[in-house]
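Each chain is listed here by its residues.
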Amino acid sequence: MNPSAIASSHVIGLPMEGGAQIEAMFSADPKARFELHWHAEWSVGAILEGHCEFTCNGERLLACAGDLVVMAPFALHTAGVSPQGFRMVMLYVPHAWVGARLGWPVGQRGVVHRGVWQDKAAADALGDAALSQDGEQVGRLLEHLLRACTGSELTAIERQVGDARVEAICNALELEDACRIDPGALAQRLGVSREHFHRLFRVAVGMTPAHYARLARIGRAKALLRDGCAQADVAAQCGFSDQAHFSRWFRRCFGVTPGNYMADRQRVTRAA
């Protein structure tokens, strides 16, 4: 792979067999730091140079050059990279495509046995196939890897909160502005004190209500941008105070600004 080909972070849409599309993020930014977030898709990455320290569902992990990273949909994770000589390719793969390829029942997925796999040949092959936009080869490599790292054990696709009251709050928070959340009002919805509410929420979800609201809305914003909605409209619909606020959090979670995300995808669409 030509190192200069991914000299800065950018995201493209990569057509796959059957009309599906995955996103490929190419990054060589030694200052990249990703806040706690999740993706609705499978995240499969190849570390091509340097290393990436990250957490996934509370577990601290290290992926070095030649390693592959696999994270299931809605897995909470953070990441930071080596300050020099870093390159990676991260693919975001719709669960529907993975489930169909691996024969999983609707609403379920295989359990990931290991988040980091050492296979330099496969990592290089995945990076080269993504860079050349070879969807057929990317599909073959993804299917082989995901089949290898998941077994016969199945689990629900989405995280199970386990408390119907907290689940109702989560659904509401997806549409509310995290900057204007009144913890006291949320506690009243559950019929508990403010302190008890925070304990219930953190135990069930693993973060504060404000943080959950921001992450849920940033994920919704990404889907709206992918559908072609204007950046200003997306920021307003998803409750961010202004475009600058929206842009900062989008980059902290997804590695690129909303404007660059849209421009990269549009450039690939025109080229196709």
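### Some thoughts on the overall build of the chain
So, point 1. Counting its secondary structure elements, the chain contains 10 helices and 12 strands.
So, point 2. For the C-alpha atoms alone, the extent of the chain along its principal axes is close to 55 × 45 × 40 Å.
So, point 3. Residues classed as buried in the chain amount to 51% of the 272 residues present.
So, point 4. Taking the contacts inside the chain whose residues are at least 6 apart along the sequence as the reference set, 71% of them involve residues at least 24 apart.
So, point 5. Between the centroid of the 28 positive side chains of the chain and the centroid of its 28 negative side chains there is a distance of 4 Å.

### Things to note about the sheet that holds strand 1 (residues 10–15)
So, point 1. Strand order across the open sheet formed by six strands is 1-2-9-4-7-11, with antiparallel pairing between neighbours. Of all the strands in the sheet, just strand 1 and strand 11 (116–118) have a single pairing partner and so form its edges. Taking the axes of each pair of neighbouring strands and ignoring which way they run, one obtains an average angle of 20° across the sheet.
So, point 2. Bridging between strand 4 (residues 42–49) and strand 7 (residues 67–71) involves four bridges; their strand directions are antiparallel. Note on strand 7: the bridge partner recorded for Val 44 is Val 70.

### Focus: the sheet that holds strand 6 (residues 59–64)
So, point 1. Taken in spatial order, the four strands make up an open sheet running 3-8-5-6, and their pairing is antiparallel. The outermost strands of the open sheet, each flanked by one partner alone, are strand 3 (33–37) and strand 6. Going from strand to strand, the sheet's axes swing by 15° on average, the running direction of each strand aside.
So, point 2. Where strand 3 and strand 8 (residues 77–81) come together, three bridges link them in antiparallel fashion. Residue pairing in the sheet places His 37 in a bridge with His 77 of strand 8.

### Side note on the side chain of His 37
So, point 1. Considering the arrangement of structural elements, one finds His 37 in strand 3.
So, point 2. A relative accessible area of 4% means that His 37 is categorised as buried.
So, point 3. At 3.0 Å, the side chain of His 37 and the backbone oxygen of Cys 253 are in polar contact.
So, point 4. Beyond its immediate stretch of four places on either side in the chain, His 37 contacts Ala 75, Leu 76, His 77, Leu 215, Cys 253 and Phe 254.

### Looking at the packing of aromatic side chains
So, point 1. Here the structure, examined in full by the defined rule, presents eight aromatic pairs.
So, point 2. Relative to Tyr 212, the ring of Trp 38 has its centre 5.5 Å away and its plane inclined at 40°; by these criteria the two rings are tilted. Pair noted here: Trp 38 is in the loop between strand 3 and strand 4 and Tyr 212 is in helix 7 (residues 209–226), with a separation of 174 residues, a long-range link. There is no split in this pair, since Trp 38 and Tyr 212 are both buried.

### A look at the side chain of Arg 109
So, point 1. For Arg 109, the position within the fold is in strand 10 (residues 108–112).
So, point 2. In this structure Arg 109 is buried but unpaired, with Glu 153 as the nearest side chain of opposite charge at 8.8 Å.
So, point 3. Residues in contact with Arg 109, not counting those within four places in the same chain, are Trp 42, Ala 72, Pro 73, His 95, Trp 104, Glu 153, Leu 154, Thr 155, Ala 156 and Ile 157.

### A closer look at the pattern of salt bridges
So, point 1. All chains considered together, the criterion is met by eight salt bridges.
So, point 2. Between Lys 222 and Glu 23 there is a salt bridge, with the nearest N and O atoms lying 3.3 Å from each other. Placement of the pair is Lys 222 in helix 7 and Glu 23 in strand 2 (residues 21–27), with a sequence separation of 199 residues.
So, point 3. Note on Glu 23: relative accessible area 5%, which makes it buried.
So, point 4. Of the charged contacts in the structure, one is a salt bridge between Glu 49 and Arg 87, with a shortest N-O distance of 3.1 Å.

### Notes on the pairing of strand 1
So, point 1. Most of strand 1 sits out of view: five of its six residues are buried.
So, point 2. When strand 1 meets strand 2, the two strands line up antiparallel, connected through six bridges. In the sheet register, His 10 faces strand 2, and the bridge partner there is Phe 26.
So, point 3. Linking strand 1 to strand 2, which pair antiparallel, is a turn of five residues; within it Gly 18 sits at a positive phi near 85°.

Conventions and cut-offs
- Residues numbered from 1 in each chain as written.
- Predicted model: local features only at pLDDT ≥ 70, side-chain atom pairs only at ≥ 80, totals over all residues.
- Heavy atoms only, no water.
- Helix = DSSP H or I, 4+ residues; strand = E, 2+ residues; numbered from the N terminus.
- Buried < 20%, exposed > 50% of the residue type's maximum accessible area, 1.4 Å probe, protein only.
- Contact = heavy atoms within 4.5 Å.
- Lys, Arg positive; Asp, Glu negative; His and termini not counted.
- Charge placed at Lys NZ, Arg CZ, Asp CG, Glu CD.
- Pairing = 2+ DSSP bridges.
- Axes fitted to C-alpha atoms, helices over the stretch in contact; angles between N-to-C directions.
- Polar contact = N/O pair within 3.5 Å; in protein donor to acceptor, adjacent residues only side chain to side chain.
- Phe/Tyr/Trp six-rings, centres within 6.5 Å; stacked < 30°, edge-to-face > 60°.
- Salt bridge = Lys/Arg side-chain N within 4 Å of Asp/Glu carboxyl O.

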